[in-house]
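In case you want the letters, here they are:
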Amino acid sequence: MLLSLRRAPSLSARMARWGLVIVVAYALVALLTPLLVHAGWLADPNAGLQNPIYAQPSLSHWCGTDRLGRDVCVRTLAGSGVALQVVLLALVIALLIGVPLGMVSGYLGGWVDRVLVLLMDTLYTLPVLLLSVVLAFLLGRGLPNAAAALCVVYIPQYFRVVRNQTAQVKAELFVEAAQSLGAGPIWILRRYLLRNVITSVPVLLTLNAADAVLVLGGLGFLGLGLPETIPEWGGDLQQALTAVPTGIWWTALYPGLAMFVLVLGLSFLGEGLETWLSGGSAQRTGS
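Student: Would you take a moment to explain the nonpolar core for this structure?
Tutor: One broad trend across soluble globular proteins is that nonpolar side chains are buried collectively. Judged by nonpolar contacts, the single largest core of 54 residues is most densely connected at Val-86, Leu-150, Tyr-154, Leu-193, Val-213 and Trp-233. When near neighbours in sequence (up to four residues on either side) are disregarded, Leu-193 contacts Met-103, Tyr-107, Thr-166, Val-169, Lys-170, Val-175 and Ile-188. One finds Cys-63, Cys-73, Ile-248 and Trp-250 within the second-largest nonpolar core, a separate group that totals six residues.

Structural data, given as structure tokens:
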């Protein structure tokens, strides 16, 4: 039985495996591209005056050039690092804010819980892209500003998940025993509750990362994301929009394909982790 399970891994395991491979590949591209550009093995993503505009894919420019003569392949590779930086920064900020607030709200309850729930539910009911567009418009274009516009969208999601789990775990006997021994709220939250409520965060993190890549691309497409000097897939797609009807397809294909594959990899990783953590192993044991 064990041998057959090893030969035929579950669908969730295969999805998680392929998702991890894709994400690791993008991370390697994000790390190596600036080094290769600095070493002169790749062209500068913003340098294009010496190149013909809208050149078709060739040996000198594998993915062609855009309207400014910039190499589409290099800009697509550089855009992976920019996307991962913005998404990682946004999700880390959302985690650092949403998780502690959710734990405090679920543990203390009372008026603190009611106020925080009302605030987070208000943010949660707003459409993701609309809230991001408004915040990006108010903050302006830039990498930290784009991350801030994204993180506000995901704080309520971490808050809701962690709050609900904290409210359940705080009724366990080991928490009551710690309270009877005189442990304070901060000690209980850090020592006993954090390790029990943090288990579902990795799944939500990967799924939110996939969504954040799309939202960042939407902001760039609307001209509210990053400055034009920073390679970004959404901004490149917006510039390629006018050229597509004339048959110049390569300026839109490669940034769009790079965004699609990254979102697919993150979604695979998230779905695989969710199935595995929610009892996929228990189902295999029962069968």
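Anyway, onward from the coordinates.
Student: Can you help me understand the confidence of the model for the protein chain in this one?
Tutor: Close reading of the predicted structure is inappropriate where its pLDDT is low. Confidence in the prediction for the protein chain averages 85 pLDDT; 93% of positions are at 70 or higher. In this model residues 1-7 is a low-confidence stretch, pLDDT under 50, and it forms three contacts with partners more than four residues away in sequence or in other chains. Residue range residues 280-287 is modelled with pLDDT below 50. Its contacts to residues more than four positions away, or to other chains, number seven contacts.

Student: How do you make sense of the layout of surface pockets when you look at a structure like this?
Tutor: Rolled over the atoms, a probe sized like a water molecule indicates the empty space that remains. Its volume calculated, the largest pocket comes out at about 370 Å³. Forming the boundary of the largest pocket are 17 residues, of which Val-23, Leu-84, Val-87, Leu-88 and Ala-209 lie nearest the centre. Contributions of two or more residues to the lining of the largest pocket are made by α2 (11-39), α3 (72-108), α9 (201-221) and α11 (250-286). Among the elements that make up the lining of the largest pocket, the one with the highest residue count is α3 (eight residues). Here the lining of the largest pocket is composed, by residue class, of 14 nonpolar, three polar and no charged.

Student: Whenever I open this one, empty space enclosed by the protein confuses me. Can you help?
Tutor: Considering all chains together, one arrives at one cavity of 30 Å³ or more under this definition. Taken as a whole, the largest cavity encloses approximately 110 Å³ of empty space. What lines the largest cavity is Tyr-54, Asp-66, Arg-67, Arg-70, Val-72, Arg-75, Thr-76, Asp-236, Gln-239, Ala-240, Thr-251 and Pro-255. Mapped by element, the contributors of at least two residues to the lining of the largest cavity are α3, α10 (233-240) and α11.

What counts as what
Residues numbered from 1 in each chain as written. Predicted model: local features only at pLDDT ≥ 70, side-chain atom pairs only at ≥ 80, totals over all residues. Heavy atoms only, no water. Core = buried A, V, L, I, M, F, W, Y, C linked by side-chain atoms within 4.5 Å. Buried < 20%, exposed > 50% of the residue type's maximum accessible area, 1.4 Å probe, protein only. Contact = heavy atoms within 4.5 Å. pLDDT = per-residue confidence, 0-100. 1 Å grid on protein atoms, 1.4 Å probe; cavity = no way out; pocket = protein on both sides within 12 Å on 5 of 7 lines; lining within 4 Å. Points joined across faces, edges and corners; volume = space filled by probe spheres on them. Helix = DSSP H or I, 4+ residues; strand = E, 2+ residues; numbered from the N terminus. Nonpolar A, V, L, I, M, F, W, Y, C, P; charged D, E, K, R; others polar.

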